[in-house]
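So you can see what is in the structure, the chains are spelled out below.
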Amino acid sequence: MSAGDSQGVVFPLVDGVRSASSAGRAILAAAVRDADPGRAARIENAASWHTDYREHFVAATALGAHAPADTLRTAVAGLDAARRVLRYRIGAEETAIADRTWPDTVTHKAVTIHGDRQPGTVLSVPYGGTRLSGAALRDQLHRWHERGIVEYGFVTALERAIVDPSVLRVPGRQIALLGAAAALGPLEPLCEWGAQVLAVDVPTPAVADRIGEIARRGAGAVTVPHREGAAGMDVTAAVPEVTAWLLATAAADRDLVVGMYGYAHGARHVALTAAADAVAAQLMWLRPGTGVAYLSTPTDAYLVPDRVVDHARRGWAARGRIMRVVQGGLRLASGGELCRRGYSTEHAAADGTRWGVADLLLPMQGPNYALAKRIQRWRGLVAAADGNPVSLSVAPASWTRSVTANRVFRYAYAGASRFGVEVFDARTTRYLMAAKLAVDLADPVPPTEHPEALLYADANHGGFWRQPFDPKSVLPLAALFGALGTRRDQTRARMNL
């Protein structure tokens, strides 16, 4: 962490240095200790957290296969550990987040921007250069399901919005977006549909201008924090200020939902997530019935039911003879690293229920990204178990700025279609997942099959979960295909000049 991160959420000092790795080990070990003491010890003694973390996050996910109660037990313990391990610093005073007494002074005024258009009256999703609605959108949803791109629950959720588009306005609720200008956040579609939004993001002119522009061309009302000519607040460094502002600004006659859509690089992502979680926890305590919303990444580890595992295995068995020979040769030449079968290990519950773990934790994303997304998952699972409204949705891989800035991701995404994965345009993802958010909030029902059904039952994973290969074992091949295709397209473009 740099000197600029000395205020707000910070990591604990270890030998005079703020260590994200030590914090990550401590939090995950505490999360699993009751369910698996041996695993907790191995986490604490991990020699190289930067590489070992993937094994341990997968193992933590698999605990829920043997006992569903362990999923919630781990989530509760993980949140408690994060609040005890991570610190909050104001001036020279620093305490654990769990021990912090938050001042309630409102430091920013509320400025509301009203849209100048009429609310959209149908669910219309941009896709493939056009906009899909009605029967065309329904047909596309079913095609995605047939190809293994989305789970059936995702189809039925969006069909609800197609049949009854009034849910898109999120009536009776006000949505507080932390990281409101995020590439995959729901600000744009919510504004188009006429929703009431409280938008919080970093206080920079570019971000404020983006939020204002989206709000003005929409049909809803977007309220932003404002002080001394600047709009916005940095949640990581202003937990009490953000909490106090939201409490003072939220409409008394509407139920509040706090959505966390912000992203930061490296350890800052953990700090940002912990800050947003502190805000959400305070609001759920002070405003009972407050809901939470998150987008989960497909590049994580998830518990999936046997129907997903069996689909992937049928795909493996259906490969042609030539493909078997070629892929077997690649697997042999790579020492087993390429073209591995997906779901090679099954987990069985006491009642005989079979589970798999969709392991898509990618080494280039690192342990901080995994921890940040896991804290968000823990909060969603615990909030749902407590009866709060929750939208915790797996969103597909999408073409965002952070992806195109990373060469490996850029090439792998470009070649992903060779392996049955669809990478979505960011705007398509925004509208699909915003509609899913609206439906989740229209009739929040806690999962009864398993706590993690909140994630797997209606996921839009883009095809990662149901392809026959371990996705990490074909990532290099996807990147190769993507690089070759990119160079081919560049060559054709130059020839056409």
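Described in the following lines is the structure provided in the data block. (Residues numbered from 1 in each chain as written. Predicted model: local features only at pLDDT ≥ 70, side-chain atom pairs only at ≥ 80, totals over all residues. Heavy atoms only, no water.)

1. A look at the overall build of the chain
This is how it is decided: Counting from the N terminus, the helices are the DSSP runs of H or I reaching at least four residues and the strands are the DSSP runs of E reaching at least two. The globule rule used for comparison is 2.2 Å times the number of residues to the exponent 0.38, while the radius of gyration itself is calculated over C-alpha atoms. Only protein chains enter the accessibility calculation, which uses a 1.4 Å probe. A residue is then buried if its area is under 20% of the maximum for its type, exposed if over 50%, and partly exposed in between. Whether two residues touch is decided by their heavy atoms; if any such pair falls within 4.5 Å, the residues are in contact. Computed with a 1.4 Å probe, the accessible areas rest on the Shrake-Rupley method; for each residue, only the protein chains presented here act as cover. Under the counting rule used here, the positive set is Lys and Arg, the negative set is Asp and Glu, and His together with the chain ends is not counted. Every charge is mapped onto a representative atom, which is NZ of Lys, CZ of Arg, CG of Asp or CD of Glu.
Regarding its fold elements, the chain presents 18 helices and 20 strands. For 497 residues, the compact-globule estimate of 2.2 N^0.38 gives 23 Å, and the chain sits close to it at 22 Å. Overall, the C-alpha framework of the chain stretches about 70 × 55 × 55 Å when taken along its three principal axes. Relative to its 497 residues, the chain shows a buried fraction of 55%. Put simply, 77% of the contacts in the chain that link residues at least 6 apart link residues at least 24 apart. Counting only carbon and sulfur atoms, one obtains 52% of the accessible surface of the chain, whose full area is about 20,800 Å². One way to put it: in the chain the 55 positive side-chain charges average out to a point 7 Å from where the 47 negative ones average out.

2. Re the packing of helix 2 (residues 37-44) against helix 3 (residues 49-66)
Put simply, the rule reads: Note on method: axes are straight lines fitted to C-alpha atoms, helices fitted across the in-contact stretch only, with angles between N-to-C directions ranging 0 to 180 degrees. Angle categories: roughly parallel below 35 degrees, roughly antiparallel above 145, roughly perpendicular from 65 to 115, and oblique for all the rest. For any pair of crossing helices, the crossing counts as left-handed if the nearer helix is rotated counterclockwise from the farther one by less than a right angle, and right-handed if it is rotated clockwise. Here the term charged refers only to Asp, Glu, Lys and Arg, the term nonpolar to Ala, Val, Leu, Ile, Met, Phe, Trp, Tyr, Cys and Pro, and the term polar to all other amino acids, Gly among them.
Taken N-terminus to C-terminus, the directions of helix 2 and helix 3 make an angle of 165°; their axes are 10 Å apart at the nearest point. As summarised for this structure, helix 2 and helix 3 are arranged roughly antiparallel, according to the angle between their axes. You can see that helix 2 and helix 3 cross each other, and the crossing is left-handed. Every residue of helix 3 that contacts helix 2 at Arg39, Arg42 and Ile43 is listed here: Trp49, Glu55, His56 and Ala59. In terms of residue class, the contact of helix 2 with helix 3 is built from three nonpolar, one polar and three charged.

3. Re the sheet that holds strand 1 (residues 8-10)
Stated precisely, the cut-off is as follows: If DSSP finds at least two bridges between two strands, the strands pair.
Taken in spatial order, the three strands of this open sheet run 1-4-5, and their pairing is antiparallel. Each end of this open sheet is capped by a strand with a single partner; those strands are strand 1 and strand 5 (93-96). Within the sheet, the average angular offset between the axes of one strand and its neighbour, ignoring direction, is 30°. Bridge count between strand 4 (residues 87-90) and strand 5: four bridges; the pairing is antiparallel. Its bridge partner being in strand 5, Ile90 is matched across the sheet by Glu93.

4. Topic: the environment of Ala157
Tracing the backbone shows Ala157 in helix 6 (residues 152-163). Distance in space between the C-alpha atoms of Ala157 and Val439 is 6.3 Å, their sequence separation being 282 residues. Not counting residues within four places of it along the chain, the set of residues in contact with Ala157 comprises Lys436 and Val439.

5. What to know about the sheet that holds strand 15 (residues 301-305)
Strand order in the open sheet formed by three strands is 15-17-16, with antiparallel pairing between adjacent strands. With one partner strand each, in any of the chains shown, strand 15 and strand 16 (347-348) form the two edges of the open sheet. Pairing geometry for strand 15 and strand 17 (residues 354-359), over five bridges, is antiparallel. The residue of strand 17 that forms the bridge with Tyr302 is Ala358.

6. Considerations on the environment of Gly380
Within the secondary structure, Gly380 sits in helix 13 (residues 366-385). Using a relative accessible area of 0% as the deciding quantity, one classes Gly380 as buried. Taking the C-alpha atoms as reference points, Gly380 and Pro12, 368 residues apart in sequence, are found 25 Å from one another. Among all residues touching Gly380, those that are not within four sequence positions of it are Val292, Tyr294, Val390, Leu392 and Leu454.

7. A few points about the pattern of salt bridges
For clarity, the cut-off: For salt bridges, the criterion is a side-chain nitrogen of Lys or Arg within 4 Å of an Asp or Glu carboxyl oxygen.
A complete count under the given rule lists 31 salt bridges for this structure. With a closest N to O distance of 3.0 Å, Arg39 and Glu55 form a salt bridge. Taken together, the residues span a long stretch of sequence, with Arg39 in helix 2 and Glu55 in helix 3 at a distance of 16 residues. When the shortest N-O distance is used, the salt bridge between Lys472 and Asp359 registers 2.9 Å. With a gap of 113 residues between them, Lys472 in helix 18 (residues 471-496) and Asp359 in strand 17 connect regions that are remote in the sequence. Judged by relative accessible area, which is 17%, Lys472 ranks as buried.

8. Here's the deal with helix 5 (residues 134-146)
What counts here: The span you would expect from a helix comes to 1.5 Å times its residue count less one. What the arc measures is the spread of directions leading from the helix axis to the C-beta atoms.
Across its 13 residues, helix 5 extends 19 Å between first and last C-alpha, which sits within 8% of the 18 Å expected from 1.5 Å per residue. The set of residues buried in helix 5 consists of Leu137, Gln140, Leu141 and Trp144. Axial view of helix 5: buried residues confined to an arc of 100°, hence all on one face. Turning to helix 5, the residues buried within the fold contact strand 7 (125-127), strand 8 (130-132), helix 6, strand 20 (424-425) and helix 16 (426-442). Once helix 5 ends, the next one or two residues include Gly148, with phi positive near 80°.

9. Examining the packing of helix 4 (residues 68-85) against helix 13
The contact between helix 4 and helix 13 brings their axes to 9 Å, and the two run at 120°. Taken as axis vectors, helix 4 and helix 13 run oblique relative to one another. Seen along the crossing, helix 4 lies across helix 13 with a hand that is left-handed. Of the residues in helix 13, those touching helix 4 at Thr71, Leu72, Thr74, Ala75, Val76, Gly78, Leu79, Ala82 and Arg83 are Ile375, Trp378, Arg379, Leu381, Val382 and Ala385.

10. With respect to the nonpolar core
Our working definition: Think of a nonpolar core as a cluster: buried Ala, Val, Leu, Ile, Met, Phe, Trp, Tyr and Cys residues, connected wherever their side-chain atoms sit within 4.5 Å.
In this structure, Leu178, Val242, Leu246 and Trp465 are the most contacted members of the largest nonpolar core, which totals 101 residues. Filtering out sequence-adjacent residues up to four positions away, Trp465 remains in contact with Tyr302, Val304, Val308, Ala312, Tyr343, Ala358, Leu360, Val394, Leu455, Tyr456 and Ala459. Grouped together as the second largest cluster of nonpolar side chains are 52 residues, Val125, Ala161, Val197 and Ala438 included.

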